[in-house]
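Below, each chain spelled out in residue letters.
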Amino acid sequence: MDNEEEKLSPADEAMVDFDSVNNTYALLSLQVRRLLKSEFGKHLHKDSIMSCLHNFKNELMWGYPSMACPHAFANKKHEDTCQCKGTGFLPRSQVKDGKRVATNGSSS
Ligand SMILES: [Zn+2]
């Protein structure tokens, strides 16, 4: 088997990265909660920190590659102007019940 066959697809590599960040998030979340309960966490702004963590988790979850871009079936090249932003995949935020849904166009 040569190196090309051993490589993950870009989407699979992205999933590994998303999972890795998600695992790091889980550890961070656990440690932050412990710190907030500790004597020395009294000066931290719990609501602000928890809100940031919540928003981060939501953004991460919505960004997971979820479905091949419909253009793949039309034999079109994926570009930055495509809904997939050139990745060939739509994120969870653009997919519901296995189908693409309209978005408001926000990207950050
Ligand atoms: Zn596309």
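Residues numbered from 1 in each chain as written. Predicted model: local features only at pLDDT ≥ 70, side-chain atom pairs only at ≥ 80, totals over all residues.

A. How the structure looks around the overall build of the chain. Within the chain, the regular secondary structure consists of three helices and four strands. When the helices and strands of the chain are listed from N to C terminus, the series reads α-α-α-β-β-β-β. The buried share among the 108 residues of the chain stands at 6%. (Helix = DSSP H or I, 4+ residues; strand = E, 2+ residues; numbered from the N terminus. Buried ≥ 20, exposed ≤ 12 C-beta atoms within 10 Å, placed from the backbone.)

B. Quick peek at the packing of helix 2 (residues 10–37) against helix 3 (residues 46–63). Where helix 2 meets helix 3, the axes come as close as 11 Å, and the angle between the chain directions of the two elements is 165°. Classed by the angle they form, the pair helix 2 and helix 3 counts as roughly antiparallel. Between helix 2 and helix 3 lies a crossing of left-handed hand. Here Phe18, Val21, Asn22, Tyr25, Ser29, Val32 and Leu36 of helix 2 lie close against helix 3, whose contacting residues are Lys46, Ile49, Leu53, Phe56, Lys57 and Leu60. Residue composition of the contact of helix 2 with helix 3, grouped by class: nine nonpolar, two polar and two charged. (Axes fitted to C-alpha atoms, helices over the stretch in contact; angles between N-to-C directions. Parallel < 35°, antiparallel > 145°, perpendicular 65-115°, else oblique. Left-handed = near helix turned anticlockwise from the far one by under 90°. Contact = placed C-beta atoms within 7 Å. Nonpolar A, V, L, I, M, F, W, Y, C, P; charged D, E, K, R; others polar.)

C. Representation of the environment of methionine 67 within the structure. When you line up the elements, methionine 67 lands in strand 1 (residues 65–68). Of the residues examined, methionine 67 has 17 C-beta atoms within 10 Å and is grouped as partly exposed. Along the backbone, methionine 67 and glutamine 94 are 27 residues apart, and their C-alpha atoms lie at a distance of 8.9 Å. If we skip the residues at most four places from it in the chain, methionine 67 touches Phe89, Leu90, Val95 and Arg100.

These figures capture arrangement, not role.
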